[in-house]
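# Summary of structural features
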Amino acid sequence: MKVVKSKIIKNEKVSKNIYRLSCEFAGIIKPGQFFMLKTLDNSYLLPRPISVHDLCENKVVFLYRTEGKGTTKISTLRENDEIQLFGPLGNGFDIDNLSGKTAVVGGGIGIAPLLYLVKVLGKNADVFLGFKDEENSYVVNEFKKYADRTIVVTEDGSMGEKGFVTDFISYKEYGTVLTCGPEIMMNKIINNCMENNVKCYVSLERRMACGMGVCLGCTVETKNGNKRACKDGPVFSSDELVRGE
Amino acid sequence: MKVVKSKIIKNEKVSKNIYRLSCEFAGIIKPGQFFMLKTLDNSYLLPRPISVHDLCENKVVFLYRTEGKGTTKISTLRENDEIQLFGPLGNGFDIDNLSGKTAVVGGGIGIAPLLYLVKVLGKNADVFLGFKDEENSYVVNEFKKYADRTIVVTEDGSMGEKGFVTDFISYKEYGTVLTCGPEIMMNKIINNCMENNVKCYVSLERRMACGMGVCLGCTVETKNGNKRACKDGPVFSSDELVRGE
Amino acid sequence: MANLKINAMGLEFKNPVLTASGTYGFGEEFSEIYDVSILGGICSKGLTLNGRSGNTGIRLWETPMGLMNSIGLQNPGVDSFIHQELPRMKSYNTIIAANLGGHCDEDYYEGIYKLNETDVDLIELNISCPNVKSGGMAFGIKSAVAYDIVSKLRKICKKPLMVKLSPNAENISEMSIACEAAGADGISLINTVQALAIDIKKRKAVFDNIYAGLSGPCVKPIALRMVRDAAKSVKIPVCGLGGIMSAEDVVEFIMAGATLVQIGTGNFIKPDIAVDIINGLSEYMDREGIKSLDEIRGII
Amino acid sequence: MANLKINAMGLEFKNPVLTASGTYGFGEEFSEIYDVSILGGICSKGLTLNGRSGNTGIRLWETPMGLMNSIGLQNPGVDSFIHQELPRMKSYNTIIAANLGGHCDEDYYEGIYKLNETDVDLIELNISCPNVKSGGMAFGIKSAVAYDIVSKLRKICKKPLMVKLSPNAENISEMSIACEAAGADGISLINTVQALAIDIKKRKAVFDNIYAGLSGPCVKPIALRMVRDAAKSVKIPVCGLGGIMSAEDVVEFIMAGATLVQIGTGNFIKPDIAVDIINGLSEYMDREGIKSLDEIRGII
Ligand SMILES: Cc1cc2nc3c(=O)[nH]c(=O)nc-3n(C[C@H](O)[C@H](O)[C@H](O)COP(=O)(O)OP(=O)(O)OC[C@H]3O[C@@H](n4cnc5c(N)ncnc54)[C@H](O)[C@@H]3O)c2cc1C
Ligand SMILES: Cc1cc2nc3c(=O)[nH]c(=O)nc-3n(C[C@H](O)[C@H](O)[C@H](O)COP(=O)(O)OP(=O)(O)OC[C@H]3O[C@@H](n4cnc5c(N)ncnc54)[C@H](O)[C@@H]3O)c2cc1C
Ligand SMILES: Cc1cc2nc3c(=O)[nH]c(=O)nc-3n(C[C@H](O)[C@H](O)[C@H](O)COP(=O)(O)O)c2cc1C
Ligand SMILES: Cc1cc2nc3c(=O)[nH]c(=O)nc-3n(C[C@H](O)[C@H](O)[C@H](O)COP(=O)(O)O)c2cc1C
Ligand code: FES
Ligand code: FES
């Protein structure tokens, strides 16, 4: 975990509102960890949390959707511009303690942290990716490179299967499900996993200021009291969470 | 005077810290008028006053030095980016009432408004340009295109004459001196003009918020009371000014 | 299309969007950019009985998302306003408020007497000026001082009277209640926040007066809080301002309890911002199916 | 090289730069990024006698160049601080201040008794918490209420006592004088400014508590003014904070009269900002030929 000014290698649009940013970085990163990103101007104040999408030799890759001020500003950066990176942060997925077959399930921009995860898991995971439609899908082929099985589901069937991704998983087959995506999707997965007695880990999003555990702004209510999404998470075991959130 | 989002045609570095910005614009502008420029992000709040350096068919050109937040941000804009322009503003030089021969004197970035002035004056003006040294000189050749005589003076003699530009003007020769540059230079010119009974018009700089005469933030003390640099100026007759400023 | 009309203080405003004192001159310059009759109203530059030439030294300074100013109430005086500016302003076909400041009771009395005899629609009483008698402390800091001057002026004032509160007041709720009790027809807030800027190169305060007033987007969260405090404390209409830059900002102020709003510093950032805001407000209402701003006023 | 040492409140600080309560945890996380012993001091997260789990709902919200927070004093309690955090903090070789809050006199008494028996260097008394007995109004609003609690605590407190003032106080000068008269060894200011944010889509206040505290660069001009007001009013040292992001900002606070400063929100924007600021301050002094900060303190 360090603060660096990093040079941008590439910042390309990969789909509607979706960008892929590659920055110079050397270091070890666990899948599911994230960085706090900040442009060097003062067009916004707080660094923005963005997951590690991929890690290659001397570069870290992010996949992000332009939402508001910060991500829109980041999307205007170009090759050789500099950006402030702070990280890697968070616990990441606990990939050393997986039992049985693993399903990796992503929805929308929630797939961002999952590529690097799948890459590290090797051929041992089945990947399920859910999108609204083909136009709003991205980096699917990257996943196919690393995973044995990649099931794509779109709501309108314009790509892959038609329906909701949560309905295409045979939960019983898996020892563990690792997921990141919209809350509604993750809630459904948590419920299905509970019913089927499958371990489930979810990566959560919270507004963050420090990203390192000091401001106590990113509270996640757990059965063991308040935890910090940035430091104790962003990955939580679904068992731990106080539901109804 | 209008507020427009204008497309940038070119934004090029012409010397150390000096940039030339061309933007789409159609309209009539008087030499010595200025615009308030603002990038569309929120990295700074107030628009920045910048003089019209040149006007061509469907484009207005600015010459600016990066000083702080605003001008530095503007310097990062590229072709096809948009910028907010508000103007043209201010009185401009009163070129319809010049008597005798005219000297146009600029120092440093103060030469910015003078190119368009010289272009409009045609061959009737002698131009005097003062710079620190050759490295910190710019657009001299542009002036030579429009003026019969262009005298360049650098403090170290690395380009043109050596010394201060104010010392190379034969004041008696001229009916009017029009000038823009550092206060110290303009003060010297005002004094010399007074001694030689030559009319003198100076373009003044003040911090501005509105640029259009409503905030009363850009006060210039004159013999007729407070005037607004943005609306009643930026060009003032030296007679009018309360000296010792 | 959404109905933006507002009835308040006995006046009908076309829409709740006014322009703030000191940021709009007397409207003339803006009338060259857009049709100012679209506005809910215009508050004049702050007037004093006799003209003032304002403060010396630097008058403007930019801060992070803020503007500090120390104009020092440069203005032509009430008489000159009445003769040189008001006739033209009245031709704009929108509500015209005269913003009146003063340094002692007598200044205010005379100013009001003169404005009484004109067709100005509204008087916005600026009680942020230092009060000579109270040793330079502004009228707008202590509720009791404000109560005193407002009740005296209410008695002689023939126009609707809106008192403009300073965020430097000791207690905004108390101050609002005091103004209402004194007979104010409405209150507007916030004026600028007292602040300091230092030029470390010159080792001096930036402003000759040392302190100056802060405005702009940086103060919006503070202004919103104070507007809600005020609106919860009184029944008279509250006019909210401080950092408004968009129709969404206006909606926030209305949800916080404002009946009217004013645009100040925003007029400098994009001189035709009022056009965007008024159109944006009407689009917002249509989009959200809001027929009258009453539906969302003060819901926070 | 410039001498940055500061003697204040009976303590020797390596330099005037401390980190602010609530923005630095208990230092552990930052010690993974840089050597925290370079700091002038560390103010602990705000402690209450018994631990608190803090507020529900959204706790953070960005505003133009500002941050609003409503953490609600989530903390492990004084005992846990003393046993779990303090020993490690003391090993950092810098001044350790325990920031103590409370909702009634008894909370403060017991907290102080416990901290008295530790090797904490300094107690920073946060009087911005709502005071249960005064109907929820904070101890830090009215000078008389502050005087009362500070003088009681001064009697029992064996450590240097620095009172942290709220910018929401009715009158900063009076408040500073009251704290000095009550025996405070120093004062620090500003805490966050009470503010409101509204989510117009949800038609609700962003924060469950409705109001929250504003910090960051947007409040710096206000903080500077208040620090000067305080420094002109008292002889005890003033610790200035609010929006500090650079060594130049620190110099401004010192020129306004601060003896010490704290970095708050800045720690989030660039987590090693304190390193830059301390180095920058020393470079500034060398560049300007300033031997001791006494030369520029309070010159405005
Ligand atoms: C651990 C973590 C990892 C993330 N990884 C990714 C990723 O890989 N790709 C991606 O596109 N997005 C990711 N997000 C979401 C991303 O952080 C937000 O979309 C982004 O902060 C929005 O900032 P903005 O300035 O564009 O939007 P604005 O709405 O202008 O942001 C305003 C404030 O709200 C916060 N905020 C807004 N939306 C979110 C959100 N969904 N989660 C957290 N804070 C938010 C911002 O950080 C900022 O402080 C991640 C979030 C977290 C917490
Ligand atoms: C009528 C007029 C015409 C001008 N024409 C030109 C030009 O053609 N080319 C050019 O390079 N410069 C010109 N200037 C100066 C230019 O406006 C400033 O250099 C610029 O505003 C600095 O902004 P900044 O954000 O880079 O610096 P910052 O120091 O970050 O600016 C902070 C604030 O101070 C104000 N400010 C700082 N320096 C000046 C200054 N010298 N004059 C007025 N305001 C200032 C800024 O507008 C801003 O509000 C002109 C100024 C005026 C008043
Ligand atoms: C340059 C300037 C001049 C001002 N002059 C006056 C004034 O004369 N009278 C007054 O009541 N308020 C005056 N104000 C305060 C504004 O009317 C408004 O209350 C304040 O700026 C907050 O709103 P804003 O953040 O939208 O600017 C002035 C503000 C600025 C920026
Ligand atoms: C997330 C957060 C938590 C805070 N918690 C506390 C606290 O527990 N006790 C306290 O006295 N101040 C607390 N503060 C206030 C800061 O210490 C500081 O006074 C304020 O943020 C202004 O400084 P800044 O603008 O540099 O942040 C907190 C501020 C923030 C942003
Ligand atoms: S973001 Fe600060 S504790 Fe998590
Ligand atoms: S800049 Fe506003 S009056 Fe000149």
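Since we're looking at a predicted model, the values are computed, not measured. (Residues numbered from 1 in each chain as written. Chains lettered and ligands numbered in written order. Predicted model: local features only at pLDDT ≥ 70, side-chain atom pairs only at ≥ 80, totals over all residues. Heavy atoms only, no water.)

### Some thoughts on the overall build of chain C
Assigned secondary structure in chain C consists of nine helices and 18 strands. At 18 Å, chain C has a C-alpha radius of gyration in line with the 19 Å of a compact globule built from 300 residues. The C-alpha extent of chain C, read off along each of the three principal axes, is 50 × 50 × 40 Å. Looking at the 300 residues of chain C, the share that counts as buried comes to 68%. Sequence-distant contacts in chain C: of pairs separated by 6 or more residues, those separated by 24 or more amount to 69%. Surface summary for chain C: the accessible area is close to 9900 Å², and the carbon and sulfur share equals 49%. For chain C, the separation between the mean place of its 29 positive charges and that of its 34 negative charges on side chains is 4 Å. (Helix = DSSP H or I, 4+ residues; strand = E, 2+ residues; numbered from the N terminus. Rg over C-alpha atoms; globule rule 2.2 N^0.38 Å. Buried < 20%, exposed > 50% of the residue type's maximum accessible area, 1.4 Å probe, protein only. Contact = heavy atoms within 4.5 Å. Areas by Shrake-Rupley, 256 points an atom, 1.4 Å probe, with all protein chains shown as cover. Lys, Arg positive; Asp, Glu negative; His and termini not counted. Charge placed at Lys NZ, Arg CZ, Asp CG, Glu CD.)

### Here's the deal with the sheet that holds strand β9 (residues 125-131) of chain B
All names here are of chain B. Taken together, the seven strands give an open sheet; going across it, the order is β11-β10-β9-β8-β12-β13-β16, and neighbouring strands pair in mixed fashion. Each edge of the sheet is formed by a strand with only one pairing partner; in this case those strands are β11 (161-162) and β16 (235-237). With five bridges connecting them, strand β8 (residues 102-107) and strand β12 (residues 176-180) associate as parallel partners. Paired with V105 across the two strands is T179, which belongs to β12. Running at roughly 165° to β8, helix α2 (residues 114-121) makes contact with β8, β9 and β12 of the sheet. (Pairing = 2+ DSSP bridges. Axes fitted to C-alpha atoms, helices over the stretch in contact; angles between N-to-C directions.)

### Topic: the site of ligand 1
Around ligand 1, 21 residues are found, and the nearest of them are P49, G70, T71, E205 and R207 of chain A. With respect to ligand 1, its neighbouring residues span chains A and D. Within the backbone of R65 of chain A, one N or O atom sits 2.8 Å away from an oxygen atom of ligand 1. Here an oxygen atom of ligand 1 and a side-chain polar atom of T71 of chain A are 2.4 Å apart. Put simply, the parts of the chain that give the shell around ligand 1 at least two residues each are β4 (48-51), β6 (59-65) and α1 (69-75) of chain A. Per element, the largest residue contribution to the shell around ligand 1 is four residues, and it comes from β4 of chain A. Taken together, the residues that form the shell around ligand 1 break down as nine nonpolar, four polar and eight charged. (Near = heavy atom within 4 Å. Polar contact = N/O pair within 3.5 Å; in protein donor to acceptor, adjacent residues only side chain to side chain. Nonpolar A, V, L, I, M, F, W, Y, C, P; charged D, E, K, R; others polar.)

### Re the UniProt feature "binding site: FMN" (unreviewed entry) in chain C
With numbering aligned to this structure, UniProt lists the feature "binding site: FMN" (unreviewed entry) at S21, K45, G46, N99, N126, K164, I190, G216, G242, G243, G264 and T265 of chain C. Relative to the elements of secondary structure, G243 of chain C occurs in the loop between β17 (238-240) and α7 (247-255). Residues within four places of G243 of chain C in sequence aside, it is in contact with G216, P217, V219, K220 and D249 of chain C. Along the chain, T265 of chain C falls in the loop between β18 (260-263) and α8 (266-269). Excluding residues that lie within four positions of it along the chain, T265 of chain C makes contacts with L45 of chain B together with T23, L67, S215 and G216 of chain C. (UniProt positions renumbered as here; feature names shortened; annotations may be inferred.)

### Some points on the pairing of strand β6 (residues 59-65) of chain B
Residue and element names in this part refer to chain B. Here β6 lies mainly inside the structure; five of its seven residues are buried. Looking at chain direction, strand β2 (residues 18-24) and β6 are connected through seven bridges and run antiparallel. Of the residues in β6, the one forming a bridge with R20 is L63. Where strand β5 (residues 54-56) and β6 come together, three bridges link them in antiparallel fashion. Of the residues in β6, the one forming a bridge with L55 is V60. With antiparallel pairing between neighbouring strands as the criterion, β5 and β6 make up a hairpin whose turn holds two residues, including N58 at a positive phi of roughly 60°.

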